[in-house]
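Descriptive analysis of the structure
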Amino acid sequence: MTMDIAATPKLARLFRMQWEEAQGAYVLLYPEGMVKLNQSAGEILKRCDGVRDVTAIVADIEQSFGAAGLEPEVMSFLDIATERGWIV
Amino acid sequence: MSDLTVPAPPAHIPPPLWLLAEVTYKCPLHCVFCYNPLNYAENRKELSTEQWKDVLRQARKMGAAQLGFSGGEPLVRDDLEEMIGEAHQLGFYTNLITSGIGLTETRIARMKELGLDHIQLSFQDSTKEMNDFLSSTKTFDLKSRVAKLIKKYDYPMVLNVVLHRYNLDHVGRIIEMAVEMDVEYLELANTQYYGWGMVNRDQLMPTREQLERAEAVVNEYRAKLGNKIRILFVVPDYFEERPKACMNGWGSVFLAVAADGSALPCHAAKSLPGLEFPNVADTPLHEIWYESDAFNRYRGNAWMKEPCRSCSEKDKDFGGCRCQAYALTGDAANADPVCSKSPQHNDVKQIVMQAQLKPVTVEEKPLLFRTDANSMRYASIPIKEERDKVT
């Protein structure tokens, strides 16, 4: 299963994402559970707003971090996030 | 007690992430597997609304992000909504862990407005007869109505069913019930033998065959349902060779505050002798978490004895559960005897074997329901001796 480049992923209803100062990280909160996100996961997920498509998300991340060629990395994370039910 | 100039936490101790607020021990149900202390009725003192709100503020400031309102039955408190509102404002993810009794449409709607994130509803079985028998109430129909209300108000929902000898064979029907209710998670929680569950252990203990059948059914449904429902089913630790990583380590992520304000590193910790649990009414939470003897006693691994001390898995399972180690070996610093490396592991195997060979029937030894009257029989009596005595 691979994410469509034109898809506009958004956080699944079951999850809430927020910055946690004590953990120095973005976390996903869901019924009785919490996932601490690493920096790149956090940066990708916070751009999954259901409006931007994958191309736009990749472009925005590449611009923010002054890097290029991040599409494969972003796509592979989005696949994992889909599989875990974090995004739809 | 809010302290706005909180000192920096010691670097080697992580902050609490999970706060369990057991806001009351009052409960309209009388479940035979409840983990609440046997002598809960002895102490009726409960924190005030303001004290609870203060606990929430302190815990959030320290880093807690998950909050469970539990008990007893948290809906017994008519200020629950006020606490939920405060918790949401502070940025907690708020979970209501409930039997559903007392959850009217008015309350559920108000809680939604105030920001309650999730509701965990317990059922005792898929059948009305067994549900009502095990909880010693007529609550099945009421719970079914509450399940509909939870979905009507669009809450994510966990259905929790505690499993044991009397309902393990109904697991298929329980899953069908969860599908019908359209829940997101089904938690099939095998009984843990603490509190009321411990005194009723001989009657509740399933056979290995029952567990294997139930697990096979669960796996069939998992394959069939895919991601539609997440089904949690963990084989009870008495049947395992390695202990559970209880609380993910003592004083590591979990902080419970009991109805009277005692702060506990685990919900069953009051069963341990020789530990004085600090109270949030007179001690700042920061001091409780980082400095109290109760929270430091089994933190890390310096307290461990053999076989844990030299075990390569000690940082994976932390030697198992302190309360279980105490209940089954008389020393909370021993390895949890469900571990096959424990010298007392044979005792656990015997307990399991007995359930296998000659199960104790309710006719021989009646189930002890969690009632105020039964609870008072345990007042001020150490739990282990009493368990051996009471039949």
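Placed above this text is the structure.
Throughout what follows, the structure given in this document is the object of discussion.

Definitions and cut-offs
Residues numbered from 1 in each chain as written. Chains lettered and ligands numbered in written order. Predicted model: local features only at pLDDT ≥ 70, side-chain atom pairs only at ≥ 80, totals over all residues. Helix = DSSP H or I, 4+ residues; strand = E, 2+ residues; numbered from the N terminus. Rg over C-alpha atoms; globule rule 2.2 N^0.38 Å. Buried ≥ 20, exposed ≤ 12 C-beta atoms within 10 Å, placed from the backbone. Contact = placed C-beta atoms within 7 Å. Axes fitted to C-alpha atoms, helices over the stretch in contact; angles between N-to-C directions. Left-handed = near helix turned anticlockwise from the far one by under 90°. Nonpolar A, V, L, I, M, F, W, Y, C, P; charged D, E, K, R; others polar. Pairing = 2+ DSSP bridges. Right-handed = clockwise from strand over helix to strand, strands pointing away. Core = buried A, V, L, I, M, F, W, Y, C linked by C-beta atoms within 7 Å. Parallel < 35°, antiparallel > 145°, perpendicular 65-115°, else oblique.

A separate point is the overall build of chain B. Counting its secondary structure elements, chain B contains 16 helices and 9 strands. In terms of overall size, chain B behaves like a compact globule, its C-alpha atoms giving a radius of gyration of 21 Å where 391 residues would be expected to give roughly 21 Å. Referenced to the eigenvectors of the C-alpha coordinate spread, the extents of chain B come out at roughly 60 × 55 × 45 Å. The burial tally for chain B puts 48% of its 391 residues in the buried class. Within chain B, contacts between residues separated by at least 24 positions form 74% of all contacts whose residues are at least 6 apart in sequence.

Attention now moves to the overall build of chain A. The secondary structure content of chain A amounts to 3 helices and 3 strands. In sequence order, chain A lays out its α and β elements as β-β-β-α-α-α. If you line up chain A on its principal axes, its C-alpha atoms span 35 × 25 × 20 Å. Split into buried and exposed, the 88 residues of chain A put 23% on the buried side. Look at the contacts in chain A between residues 6 or more apart in sequence, and 51% of them connect residues 24 or more apart.

Residue and element names in this part refer to chain B. At their nearest, the axes of helix α6 (residues 171–181) and helix α9 (residues 208–225) sit 9 Å apart, and the two run at 30 degrees to each other. Read as a crossing pair, α6 and α9 show a hand that is right-handed. Only A214, V217, V218 and Y221 of α9 make contact with α6, whose side of the interface consists of V171, G172 and I175. A per-class count over the contact of α6 with α9 returns 6 nonpolar, 1 polar and no charged.

Turning to the sheet that holds strand β5 (residues 157–163) of chain B, a few remarks are in order. Residue and element names in this part refer to chain B. Sheet architecture is open: 9 strands sit in the order β7-β6-β5-β4-β3-β2-β1-β8-β9, paired in mixed fashion. Looking at which strands have only one partner, the edges of the open sheet turn out to be β7 (230–233) and β9 (263–264). One ladder, built from 5 bridges, connects strand β1 (residues 18–22) with strand β2 (residues 66–70); its direction is parallel. The residue bridging L19 from the neighbouring strand is L67, located in β2. Along the sheet, helix α5 (residues 140–152) makes contact with β4 (118–123) and β5, crossing β4 at roughly 160 degrees.

We now examine the interface of chain A and chain B. Each partner contributes residues to the interface: chain A has 12 residues there, and chain B has 18 residues. Contributions of two or more residues to the side of chain A that touches chain B are made by β1 (16–20) and β2 (25–30) of chain A. Considering each element in turn, the side of chain A that touches chain B owes the most residues, 3 residues, to β1(A).

Moving on, we come to the environment of T207(B). All names here are of chain B. With respect to the helices, strands and loops of the structure, T207 is situated in the loop between α8 (201–204) and α9. Residue classification places T207 among the partly exposed positions, given that 16 C-beta atoms sit within 10 Å. Counting along the chain gives 125 residues from T207 to E82, while the straight-line C-alpha distance between them is 45 Å. The residues contacting T207, other than those within four sequence positions of it, are A355 and Q356.

Moving on to the sheet that holds strand β3 (residues 33–36) of chain A. All names here are of chain A. Strand order in the open sheet formed by 3 strands is β1-β2-β3, and the pairing between neighbours is antiparallel. Bordering the open sheet on either side are β1 and β3, each of which pairs with just one other strand. Each adjacent strand pair in this sheet contributes to an overall mean axis angle of 30 degrees, direction not counted. Bridge count between β1 and β2: 5 bridges; the pairing is antiparallel. Residue pairing across strands places Q18 opposite V27, the latter belonging to β2.

With that out of the way, let us pick up the pairing of β1(B). All names here are of chain B. Counting buried residues along β1, 5 of its 5 residues qualify, which places the element largely inside the surrounding structure. Taking every second residue as pointing to the same face, both faces of β1 are buried, with W18, L20 and E22 on one and L19 and A21 on the other. Traced from β1 through helix α1 (residues 49–62) to β2, the parallel crossover comes out right-handed. Direction of pairing for β1 relative to strand β8 (residues 254–257): parallel, over a ladder of 4 bridges. Bridge pairing in β8 links A21 to V257.

Here the focus is the pairing of strand β3 (residues 93–98) of chain B. All names here are of chain B. Summarising burial for β3: 6 of the 6 residues are buried, a large majority. Residue alternation in β3 divides its side chains into two sets, Y93, N95 and I97 and T94, L96 and T98, and both sets are buried. As a crossover connection, the stretch from β2 through helix α2 (residues 80–90) into β3 is right-handed. Strand direction decides the pairing type here: β3 and β4, joined by 4 bridges, are parallel. Residue pairing for β4: I97 is matched across the bridge by Q120.

A word on the nonpolar core. All names here are of chain B. Membership of the largest hydrophobic core comes to 132 residues, with the highest contact counts inside it found for A64, L159, L255, C266 and C323. Looking at this core element by element, the count peaks at 6 residues for β5. Residue contacts for C323: discarding those within four places in its chain leaves Y194, C266, A268, A269, S271 and L272.

All names here are of chain B. Where α1 contacts α2, the axes come no closer than 10 Å and their chain directions differ by 20 degrees. Regarding the angle of α1 to α2, the classification is roughly parallel. The handedness of the crossing between α1 and α2 comes out as right-handed. Residues T49, W52, K53, L56, R57 and R60 of α1 form the contact with α2, whose participating residues are E82, M83, E86, A87 and L90. Of the residues belonging to the contact of α1 with α2, the class tally is 5 nonpolar, 1 polar and 5 charged.

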